[in-house]
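# Structural features, examined
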Amino acid sequence: MPVPFNDLTRQYRAHQEAFDEAVAGVVRTQQFILGPAVKRFEEELARYHGTAHGIGVANGTDAIVLALQALGVGPGDEVVVPALSFVASATAVARTGATIRFVDVEPVTYTIDCALAARACGPKTRAILPVHLYGQMADMESLSALCAKRSIPMVEDAAQAIGATYGGRKAGTFGAAGCFSAYPGKNLGAWGDAGFVVTADAGLAERIRMLREHGSRRKNWAEAYGLNSRLDSLQAAVLSVKLPLLDGWNRARASVAARYDEAFKGLPMQRPSVAAGRSHTYHQYVLCLQRRDALKTHLESRGVQSQIYYTDPLHLQPCFKGLGYKSGDCPVAERVCRENLAIPVFPEMTDAEVREVADAVRSFFKA
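Overview of the structure. (Residues numbered from 1 in each chain as written. Predicted model: local features only at pLDDT ≥ 70, side-chain atom pairs only at ≥ 80, totals over all residues. Heavy atoms only, no water.)

### Some points on the pattern of salt bridges
Summed over all chains, the structure comprises 20 salt bridges. Arg335 is the salt-bridge partner of Glu339, the closest N and O atoms lying 3.1 Å from each other. Linking Glu339 with Arg335, this pair stays in helix 12 (residues 331-339), spanning 4 residues, or about one helical turn. Each of Asp7, Arg10 and Glu353 takes part in a single network of salt bridges with overlapping partners. (Salt bridge = Lys/Arg side-chain N within 4 Å of Asp/Glu carboxyl O. Helix = DSSP H or I, 4+ residues; strand = E, 2+ residues; numbered from the N terminus.)

Below is the structure:
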């Protein structure tokens, strides 16, 4: 039977009345930019994370750019970034004018290797940008200790991990700022591009708000080079409907993942592993195996969709060629890019679809 990689139409149908009313409410007010719907969502976002401030922005990339700029990161500075992530994690740093220092990731969680991050820090390091990849947080205890020891701010790229926890604390609440994407396919997704930042620092929050609106605190008076990066009210209204449902959706994803874990025991491949003290939101359920491409073709023959996250590590991307990295510099990230395959995991999957995916994967190894 065909199994989609994701199906957002099911989410809409399940809550259509609430979505339609939320959007209609914005239309009735005709306040589309930083209106009351945005203010309401920002307050809800802060409460959900237990932080003082939530700031809506245009997308997840801008969330990182604005957080770094608000911290004063710019030309002449360096930012430590893991080599395994979506390219925006690094291009956001480049947009500030700072230099990227790529480091490898851990071989089990695929998150930033803290020992390598420590070695990469130097006198020019102005921030560390851990990426909570696939839905699991990085080693925040080690990273927090490193940042405190070196007096270096941490900016969390939590685009894939909203709702994930480390020692009971939510992703995005350990660093100076937590940055999120609400791209439609995310666990908390809008109906277009959207993003947000959470922080406990009132001064930092105020600077991000200024920078997201052309560097202005009041109309026609720019204090800094900012961006036009405002969360629009329609997206905020949609996200306000979804936020109370998020934890339940994450539990549903974890339930699918648990069934996969049981079905894949003993198979010669690496499956997701949840580190002690952490939770996993399973934005993606990623398998790693040398015969990745053959498995992908096999799943396609069974009607099961899959995706590769990611095909190439960041340090080998053409846009970063000038930084001088070469093949072999980040061997774990390079291996994961050769071997990874994400299979369907979304809250509305049926029992039959989960069984079909599991059977399709198992049949590949039997063959």
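So much for the structure itself; the text now carries on.
### A short note on the packing of helix 4 (residues 60-70) against helix 5 (residues 88-95)
Contact geometry of helix 4 with helix 5 gives a least axis separation of 9 Å together with a crossing angle of 40°. Comparing the axis directions of helix 4 and helix 5 gives the class oblique. Judged by the twist between their axes, the crossing of helix 4 over helix 5 is right-handed. In this structure, helix 4 contributes Thr61, Asp62, Ile64, Val65 and Leu68 to the contact, and helix 5 contributes Ala88, Ser89, Ala92, Val93 and Arg95. Looking at side-chain class alone, the contact of helix 4 with helix 5 contains 6 nonpolar, 2 polar and 2 charged residues. (Axes fitted to C-alpha atoms, helices over the stretch in contact; angles between N-to-C directions. Parallel < 35°, antiparallel > 145°, perpendicular 65-115°, else oblique. Left-handed = near helix turned anticlockwise from the far one by under 90°. Contact = heavy atoms within 4.5 Å. Nonpolar A, V, L, I, M, F, W, Y, C, P; charged D, E, K, R; others polar.)

### Quick word on unusual backbone geometry
The phi torsion of most residues other than glycine is negative, and most of the peptide bonds are trans. Each neighbour pair has its own omega, and for Tyr309 with Tyr310 the value is 10°, a cis peptide bond. With respect to the helices and strands, the residue Tyr310 is situated in the loop between helix 11 (292-301) and helix 12. For Tyr134, which is not glycine, the phi dihedral falls at a positive 65°. The buried category is assigned to Tyr134, whose relative accessible area is 4%. Of note in this structure, Tyr282 is not a glycine but carries a positive phi near 50°. Along the polypeptide, Tyr282 turns up in the loop between helix 10 (246-263) and strand 12 (285-288). (Buried < 20%, exposed > 50% of the residue type's maximum accessible area, 1.4 Å probe, protein only.)

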